[in-house]
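Examining the three-dimensional arrangement
Given next are the chains, with one letter for each unit.
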Amino acid sequence: MKICNLTSGSDGNLTYIESVNAKILVDIGLSCLETEKRLGYLKVNPENIDAIFISHEHYDHMKGLNIFANKYKTKVFVHEDGYYPLLNKLKKTLNINTFNDKGFDFKDITVQTVGLPHDVKRCTGYSFIEQQKKVSIITDLGHTTKEILQNLKDSKLIFLESNHDIEMLLENENYPEMLKQRILGQNGHLSNNTCAEAVINLFKAGTKHFVLSHLSTKNNTPRLAYNFINQILINNGISVGEDVKIDVASVVPKAIYNLK
Ligand SMILES: [Zn+2]
Ligand SMILES: [Zn+2]
């Protein structure tokens, strides 16, 4: 399975995944034009995208959905509880398919899903498995739960939210108090601190590769997130580079991961 994050952050999220028989997108938080351009970097024809899996209806996850899925007649997948909230944001009639959390197969990919605590009716965390190789994408959640961590077990690679540095957020004069409380709340976003805790738990459960994702451009920096999590791992006797690999996703594509 080949995975490339094409953009990540509060301004847009888009990930490309390719198995032997399927080409899919997870979220489409860039315009249709920009999505086409970024697929072009990978030499992927947008017409060949088989499906788009939507996590939730926030704009940074579905900005390009209307135009792209209408233009290419792409299948859209969303959890049944997120169907109406997404429908309210659609301007075009799209081919929408719903699912529950029982798991299902899409072509040669097994899809597992879990609900994430976020300020919407339903936000979905996804795991995709091809030939026992599992990648998980878990962003937009205020806290982790046992159920979420359990669902991520056996992932070879996890894209995990590391949204903000708590101090930077609290000191940000451009953010109203209510917004700060929303982000920091149980249904907001994972901070570098809560992300670090989750990384330790997931590392102990067997995952050795993480990509810090959905970083705020206003309340975090890639260096800050990386250094913070690196330090917490060191404090817990875990060596980054030797025991575990930590990458940081960005607003531009940085790496193509190949799970073999
Ligand atoms: Zn969101
Ligand atoms: Zn988001």
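Now for a description of the structure that goes with this document.

What counts, and at which threshold
Residues numbered from 1 in each chain as written. Chains lettered and ligands numbered in written order. Predicted model: local features only at pLDDT ≥ 70, side-chain atom pairs only at ≥ 80, totals over all residues. Heavy atoms only, no water. Core = buried A, V, L, I, M, F, W, Y, C linked by side-chain atoms within 4.5 Å. Buried < 20%, exposed > 50% of the residue type's maximum accessible area, 1.4 Å probe, protein only. Helix = DSSP H or I, 4+ residues; strand = E, 2+ residues; numbered from the N terminus. Contact = heavy atoms within 4.5 Å. Donors = N, O, S within 2.8 Å, 3.2 Å for Na, K, Ca; no water. Tetrahedral: all angles 85-135°; square planar, octahedral: opposite > 155°, others 65-115°. Salt bridge = Lys/Arg side-chain N within 4 Å of Asp/Glu carboxyl O.

1. Focus: the nonpolar core
Counting residues in hydrophobic clusters, the biggest one holds 29 residues, and the most contacted among them are Ile138, Leu160, Leu212, Leu233 and Ile246. Going through the elements one at a time, β8 (109–116), α5 (146–152), β11 (157–161), α8 (192–204), β12 (209–213), α9 (222–235) and β13 (245–248) are the ones with two or more residues in this core. Element by element, the count of residues in this core is highest for α8, at 7 residues. Filtering out sequence-adjacent residues up to four positions away, Leu233 remains in contact with Val199, Ile200, Ile238, Val240, Val244 and Ile246. Among the nonpolar cores identified, the runner-up in size contains 25 residues, and Cys4, Val76, Val78 and Leu86 belong to it.

2. Description of unusual backbone geometry
Its identity is not glycine, yet Gln132 carries a phi of approximately 65°, on the positive side. Positionally, Gln132 belongs in the loop between β9 (123–130) and β10 (133–138). For Gln132, a relative accessible area of 72% gives the class exposed. Unlike most non-glycine residues, Asp154 shows phi in positive territory, near 75°. In this structure, Asp154 sits in the loop between α5 and β11. We classify Asp154 as exposed; its relative accessible area is 55%.

3. A look at the coordination of the zinc ion (ligand 2)
Binding of the zinc ion (ligand 2) to the protein goes through Asp60 (OD), His61 (NE2), Asp140 (OD) and His214 (NE2), at separations of 2.1 to 2.3 Å. Each of the 4 donor atoms bound to the zinc ion (ligand 2) contributes to angles spanning 91 to 164°, and the resulting shape is irregular. Mapped onto the sequence, the residues coordinating the zinc ion (ligand 2) show the spacing D-H-x78-D-x73-H. Taken as a pair, the zinc ion (ligand 2) and the zinc ion (ligand 1) lie 3.5 Å from each other and share Asp140 as a ligand. Taken as a pair, His61 in helix α2 (residues 59–62) and His214 in the loop between β12 and α9 lie far apart in primary sequence, 153 residues in all. For His61, a relative accessible area of 0% corresponds to the buried category.

4. Regarding helix α3 (residues 65–72)
Taken together, the buried positions of α3 are Leu65, Asn66, Phe68, Ala69 and Tyr72. The elements touched by buried residues of α3 are β3 (23–26), α1 (32–41), β4 (51–53), α2, β5 (75–79) and α4 (83–87). Of the residues one or two after α3, Lys73 is the one with positive phi, at around 55°.

5. Brief notes about the coordination of the zinc ion (ligand 1)
Four donors placed tetrahedrally about a metal ideally form angles of 109.5 degrees, and six donors placed octahedrally ideally form angles of 90 or 180 degrees. Each protein donor to the zinc ion (ligand 1) is listed here as His56 (NE2), His58 (ND1), His118 (NE2) and Asp140 (OD); together their distances run 2.2 to 2.3 Å. For the zinc ion (ligand 1), the 4 donor atoms are set out with angles of 90 to 169° between them, so the coordination reads as irregular. Mapped onto the polypeptide sequence, the residues donating to the zinc ion (ligand 1) form the spacing pattern H-x1-H-x59-H-x21-D.

6. Re the pattern of salt bridges
For the structure on display, the rule yields 7 salt bridges. The partner of Arg38 in a salt bridge is Glu34, and the shortest N-O contact between them spans 2.8 Å. In this pair, Arg38 and Glu34 both sit in helix α1, 4 residues apart, roughly one turn of the helix. What makes Arg38 buried here is its relative accessible area of 10%. Put simply, Lys107 and Asp50 hold a salt bridge, and the shortest N to O gap is 3.8 Å. Here Lys107, found in the loop between β7 (104–106) and β8, pairs with Asp50, found in the loop between α1 and β4; they are 57 residues apart in sequence, far enough to count as distant. Judged by relative accessible area, Lys107 falls into the exposed class, the value being 52%. On the basis of relative accessibility, which here comes to 23%, the residue Asp50 falls in the partly exposed class. Through salt bridges with shared partners, one network takes in Glu34, Lys37 and Arg38.

Any functional reading would require information that these geometric values do not contain.
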